Amino acid sequence: MTMMEIRPLALEDLLLCDEFGRAFHQEKAIPGVFSLEVFLKNWSTFLGSGIGTIFGLWNGMSLVGGIGGIVVADLTTGELVVNELFWYVDPEFRKGSWPIRLLHEFRRWGREKGAARLRMVHILMPNESASTVRLAHVYRNMGLRPIEVAYDGPIGD
């Protein structure tokens, strides 16, 4: 039996995010192409400066998911907020409590950093599923409420 655990990623672990970064982009139909080079540059900055973290979900020595975000001052209030930038778990490991444990570890980290608020992103899928309803329920149980939907597309003429 393999041992599941959650632990923060170190700078040297960032290369391991390539596979699930690509899977996240494909599954969520994120515009553009996932670039490990860009990911490494940004996350090295976030982790190195102390404003960011990635909590990895490990199945033994294999990274099977993670949640990452940054703590920054809100641009209009100055209040510290923890902003989730991605949350991805390999579909094989989405059952059970491990994905939610990642979320709680991320929230705990934000509190330790002095954040007063938690902001989670939900990427809308073309065919919303029952999992979307469950996720909304989880967020509401944590005291979160939806405040915004973002739209994306080419700028055009």
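Keep in mind it's a predicted model, so treat the numbers as computed, not measured.

### So, the pairing of strand E2 (residues 52-59)
- E2 sits mainly inside the fold: eight of its eight residues count as buried.
- By the alternation rule, side chains of E2 split into Gly52, Ile54, Gly56 and Trp58 and Thr53, Phe55, Leu57 and Asn59, which are all buried.
- In terms of strand pairing, strand E1 (residues 4-8) meets E2 through five bridges, oriented antiparallel. Each bridged residue has a counterpart across the sheet, and for isoleucine 6 the counterpart in E2 is leucine 57.

### Some details on the sheet that holds E2
- Spatially, the five strands line up as an open sheet ordered E1-E2-E3-E4-E5, and their pairing is mixed. Among the strands making up the open sheet, the edge pair consists of E1 and strand E5 (117-119). Between one strand axis and the next, the sheet turns by 20° as a mean value, whatever way the strands run.
- Contacts between helix H1 (residues 18-27) and the sheet are confined to strand E3 (62-73) and strand E4 (80-89), with E4 contributing the most and set at about 90° to the helix.

### Quick word on the pattern of salt bridges
- Summed over the entire model, instances satisfying the criterion amount to seven salt bridges.
- Arginine 108 is the salt-bridge partner of glutamate 105, the closest N and O atoms lying 2.4 Å from each other. Highlighted residues: glutamate 105 and arginine 108, both in helix H3 (residues 98-112), separated by three residues, approximately one helical turn.
- Judged by relative accessible area, glutamate 105 falls into the partly exposed class, the value being 26%.
- Judged by its relative accessible area of 26%, arginine 108 is partly exposed.
- The partner of glutamate 112 in a salt bridge is arginine 108, with the nearest N and O atoms 2.3 Å apart. Here glutamate 112 and its partner arginine 108 are both found in helix H3, four residues apart, which amounts to about one turn of the helix.

### Quick notes on the packing of aromatic side chains
- Counted by the stated rule, this structure contains ten aromatic pairs.
- Where tryptophan 43 meets phenylalanine 46, the ring centres are 5.0 Å apart and the plane angle is 90°; that geometry is what we call edge-to-face. Note that tryptophan 43 and phenylalanine 46 are positioned in helix H2 (residues 36-49) at a spacing of three residues, about one turn of the helix. Across this residue pair, the class does not change: tryptophan 43 and phenylalanine 46 are buried.
- Their ring planes at 20° and their centres at 6.1 Å tell us that phenylalanine 106 and tryptophan 109 sit as a pair that is stacked. A residue pair is termed a helical-turn pair when its members lie 3 or 4 positions apart in one helix, as phenylalanine 106 and tryptophan 109 do in helix H3 at three residues.

What counts as what
Residues numbered from 1 in each chain as written. Predicted model: local features only at pLDDT ≥ 70, side-chain atom pairs only at ≥ 80, totals over all residues. Heavy atoms only, no water. Buried < 20%, exposed > 50% of the residue type's maximum accessible area, 1.4 Å probe, protein only. Helix = DSSP H or I, 4+ residues; strand = E, 2+ residues; numbered from the N terminus. Pairing = 2+ DSSP bridges. Axes fitted to C-alpha atoms, helices over the stretch in contact; angles between N-to-C directions. Contact = heavy atoms within 4.5 Å. Salt bridge = Lys/Arg side-chain N within 4 Å of Asp/Glu carboxyl O. Phe/Tyr/Trp six-rings, centres within 6.5 Å; stacked < 30°, edge-to-face > 60°.

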